[in-house]
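Chain by chain, the residues:
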Amino acid sequence: VAEANASPGYDTIVIPAGTYSVADLTITDAVKLQGAGASSTILDASTEAAHAIQVQSGALADISGVTIQNGQAADPSSDGGAIYNQGDTHLTASVISGNTGLYGGLRNTGNLVVDQTTVTGNCGPSGGGIWSGDGSTTNLILIDSTVSNSGPVGSCTDGGGGIHFNGSYGGVIDRSTISGNDTTGSSEAGGMTPLGATVYVVNSTIANNSGVIAGGVSGQGGGAVFLNDTIAGNTSSQNGGGINIAS
């Protein structure tokens with residue numbers, strides 16, 4: 001990665017099948033990481049307290065065909081366990097699992113496309129699976145993907161649900177599933193929480209999530225636009241099991 005960063009232009013790194021120990025790989029240029037498939041190429045970040053990959057502002061990353069697992073954010077108060085994206089990242093045909101940090105699996109303050117990817121079994125108090133927000137043009141697009149089983153995992157007991165959107169910029173969820181996520185926080189929904197952001201949900205399923213303030217979706221100062229979706233089997237101990245939107 002360091003050599004690719006130092007070489008101007010777009011570079012491709014092919015990662016053969018195998019399990020590799022990684023920690024804080026930092027992408028500063030245009031780099032493609034191409035694995036042999038999510039079941040074959042495993043990037044394991046369990047050996048150090050660090051996220052696996054950071055994409056810095058102005059950088060471009062295309063990551064495909066890998067599993068990124070067991071990341072432990074170096075700064076538990078600010079990082080995502082697997083990927084911290086500040087630039088432009090396209091994550092395809094991959095698995096993000098077993099990562100912990102304040103923002104669980106993926107933290108996005110840039111532009112992030114998650115395509116044909118499973119984000120599962122991650123834990124963090126603010127968006128266990130994915131947290132997206134704060135950047136002036138932050139955007140998250142989820143296509144043909146699944147965010148599932150986010151919540152308390154192992155020693156991480158403060159689960160923050162599936163996806164958290166924060167700030168004026170939201171995103172699009174298309175042909176995707178958000179299911180089986182759980183939150184222990186009183187301000188998060190089990191499935192998806194848009195705060196100050198508008199999220200467009202199309203041809204998707206939000207099901208079997210559980211939370212305190214809402215099971216499926218909870219928003220304040222933002223909201224969600226739904227088109228041809230299934231929202232079912234979500235439970236809450238306080239408000240709407242499916243949807244709870246406050247002004």
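Caption draft 1: Molecular detail of the nonpolar core. Core analysis: the largest hydrophobic core is formed by 38 residues, its most contacted members being Ile 53, Ile 68, Leu 106, Ile 163, Ile 173 and Met 192. Setting aside chain neighbours within four positions, we find Ile 68 in contact with Leu 43, Ala 52, Ile 53, Ala 82, Ile 83, Val 95, Ile 96, Ser 97 and Asn 99.

Caption draft 2: Fine view of unusual backbone geometry. Here Ala 93, not a glycine, exhibits a phi torsion of approximately 50 degrees, which is positive. Phi is positive for Arg 175, close to 50 degrees, though the residue is something other than glycine. Residue position: Arg 175 is located in the loop between strand E19 (171-174) and strand E20 (177-179).

Caption draft 3: Main features of the packing of aromatic side chains. Enumeration over the complete set of coordinates arrives at one aromatic pair. Taking the centre distance of 4.4 Å and the plane angle of 45 degrees together, the rings of Tyr 103 and Trp 131 count as tilted. Note that Tyr 103 is positioned in the loop between strand E11 (95-97) and strand E12 (106-108) and Trp 131 in strand E15 (residues 130-133), a separation of 28 residues in sequence. Across the pair, exposure class does not vary: Tyr 103 and Trp 131 are buried alike.

Caption draft 4: Geometry of a nonpolar patch on the surface. Among the surface-exposed residues, Val 172, Tyr 200 and Val 225 lie close enough to one another that they form a single nonpolar patch of about 240 Å² accessible area. Here Tyr 200 shows up in strand E22 (residues 198-202).

Caption draft 5: Just the side chain of Ser 132, in detail. Within the secondary structure, Ser 132 sits in strand E15. Taking the relative accessible area as the measure of exposure, Ser 132 reaches 0% and is therefore buried. Here the side chain of Ser 132 touches Asn 108 through a polar contact of 3.0 Å, side chain to side chain.

Caption draft 6: Region of interest: the pairing of strand E5 (residues 41-44). Where burial is concerned, the two faces of E5 agree: the one with Thr 41 and Leu 43 and the one with Ile 42 and Asp 44 are both buried. The sheet contact formed by strand E2 (residues 18-21) and E5 spans four bridges and is parallel. Bridge pairing links Ser 21 to Asp 44 in E5. Judged from the three bridges that link them, E5 and strand E8 (residues 67-69) form a sheet pairing that is parallel. When the sheet's bridge partners are listed, Asp 44 is paired in E8 with Gln 69.

Caption draft 7: How the structure looks around the environment of Ile 243. Turning to its location among the elements, Ile 243 is positioned in strand E29 (residues 243-246). Of the residues examined, Ile 243 reaches a relative accessible area of 39% and is grouped as partly exposed. Ile 243 sits 27 residues away from Gly 216 along the chain, and the two C-alpha atoms are 5.8 Å apart. Beyond its immediate chain neighbours, meaning those up to four positions away, Ile 243 contacts Val 217, Phe 226 and Ile 231.

Conventions adopted
- Residues numbered from 1 in each chain as written.
- Predicted model: local features only at pLDDT ≥ 70, side-chain atom pairs only at ≥ 80, totals over all residues.
- Heavy atoms only, no water.
- Core = buried A, V, L, I, M, F, W, Y, C linked by side-chain atoms within 4.5 Å.
- Buried < 20%, exposed > 50% of the residue type's maximum accessible area, 1.4 Å probe, protein only.
- Contact = heavy atoms within 4.5 Å.
- Helix = DSSP H or I, 4+ residues; strand = E, 2+ residues; numbered from the N terminus.
- Phe/Tyr/Trp six-rings, centres within 6.5 Å; stacked < 30°, edge-to-face > 60°.
- Patch = residues over 30% accessible without salt bridge, like charges linked within 9 Å, V, L, I, M, F, W, Y side chains within 5 Å.
- Areas by Shrake-Rupley, 256 points an atom, 1.4 Å probe, with all protein chains shown as cover.
- Salt bridge = Lys/Arg side-chain N within 4 Å of Asp/Glu carboxyl O.
- Polar contact = N/O pair within 3.5 Å; in protein donor to acceptor, adjacent residues only side chain to side chain.
- Pairing = 2+ DSSP bridges.

The quantities given are spatial measurements derived from coordinates; they are silent on function.
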